[in-house]
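Descriptive structure summary
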Amino acid sequence: MVTYDYLKSAAAEGSIYTEFFNSPEHAKRMGMTYADVVEGMASGIHQAREEFGIEARMIGNSVRHLSAEE
């Protein structure tokens, strides 16, 4: 779990809060649904909060250089 591993490392360095950017466009390009990406990240965030006391939030964004259809 990338999110969990990152938060584990950040907590070990003294971080108490971090934010992640994500986008539907990047999920699609990785062959994943946006819902799967958000669910996976949420799982890592919840587990890291329970184990290390670090807090995290997701910020959804759009890629401006893509067409309206994308």
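How each quantity is defined
- Residues numbered from 1 in each chain as written.
- Predicted model: local features only at pLDDT ≥ 70, side-chain atom pairs only at ≥ 80, totals over all residues.
- Heavy atoms only, no water.
- Helix = DSSP H or I, 4+ residues; strand = E, 2+ residues; numbered from the N terminus.
- Buried < 20%, exposed > 50% of the residue type's maximum accessible area, 1.4 Å probe, protein only.
- Contact = heavy atoms within 4.5 Å.
- Areas by Shrake-Rupley, 256 points an atom, 1.4 Å probe, with all protein chains shown as cover.
- Lys, Arg positive; Asp, Glu negative; His and termini not counted.
- Charge placed at Lys NZ, Arg CZ, Asp CG, Glu CD.
- Salt bridge = Lys/Arg side-chain N within 4 Å of Asp/Glu carboxyl O.
- pLDDT = per-residue confidence, 0-100.
- Expected span 1.5 Å × (residues − 1).

Each helix and strand counted, the protein has three helices and two strands in total. Mapped from its N terminus to its C terminus, the protein presents α and β elements in the order α-β-α-α-β. Taken along its principal axes, the extent of the C-alpha atoms in the protein is 40 × 20 × 15 Å. Counting over 70 residues, the protein shows a buried share of 29%. In the protein, the proportion of contacts linking residues at least 24 apart, taken out of those at least 6 apart, comes to 71%. Total accessible area on the protein is roughly 4,900 Å²; 53% of this is exposed by carbon and sulfur atoms. Averaging the positions of the 6 positive and the 11 negative side-chain charges in the protein gives two centres separated by 4 Å.

Another point: the environment of Ile16. By the secondary structure assignment, Ile16 is in the loop between helix H1 (2–12) and strand E1 (17–22). Taking the C-alpha atoms as reference, Ile16 lies 9.5 Å from Arg49; in sequence the two are 33 residues apart.

The next subject is the pattern of salt bridges. Within the structure shown, the criterion is met by two salt bridges. Of the charged contacts, one joins Arg49 and Glu55 as a salt bridge, the two residues approaching to 2.8 Å between their closest N and O atoms. Among the salt bridges present, the one from Arg57 reaches Glu55, with a minimum N-O distance of 2.4 Å. Among the charged side chains, a salt-bridge network with shared partners connects Arg49, Glu55 and Arg57.

Topologically, Thr18 is positioned in strand E1. For Thr18, a relative accessible area of 13% translates into the label buried. Not counting residues within four places of it along the chain, the set of residues in contact with Thr18 comprises Tyr6, Leu7, Glu55, Ala56 and Arg57.

Turning our attention to the confidence of the model for the protein. On average, residues of the protein carry a pLDDT of 91, and 93% of them reach 70 or more. Per-element averaging of pLDDT across the protein places helix H2 (residues 24–29) at the bottom with 83 and H1 at the top with 97.

This part takes up helix H3 (residues 34–52). The terminal C-alpha atoms of H3 lie 26 Å apart, and with 19 residues this matches the ideal 27 Å at 1.5 Å per residue to within 8%. In this structure, the buried residues of H3 make contact with H1, E1, H2 and strand E2 (55–60).

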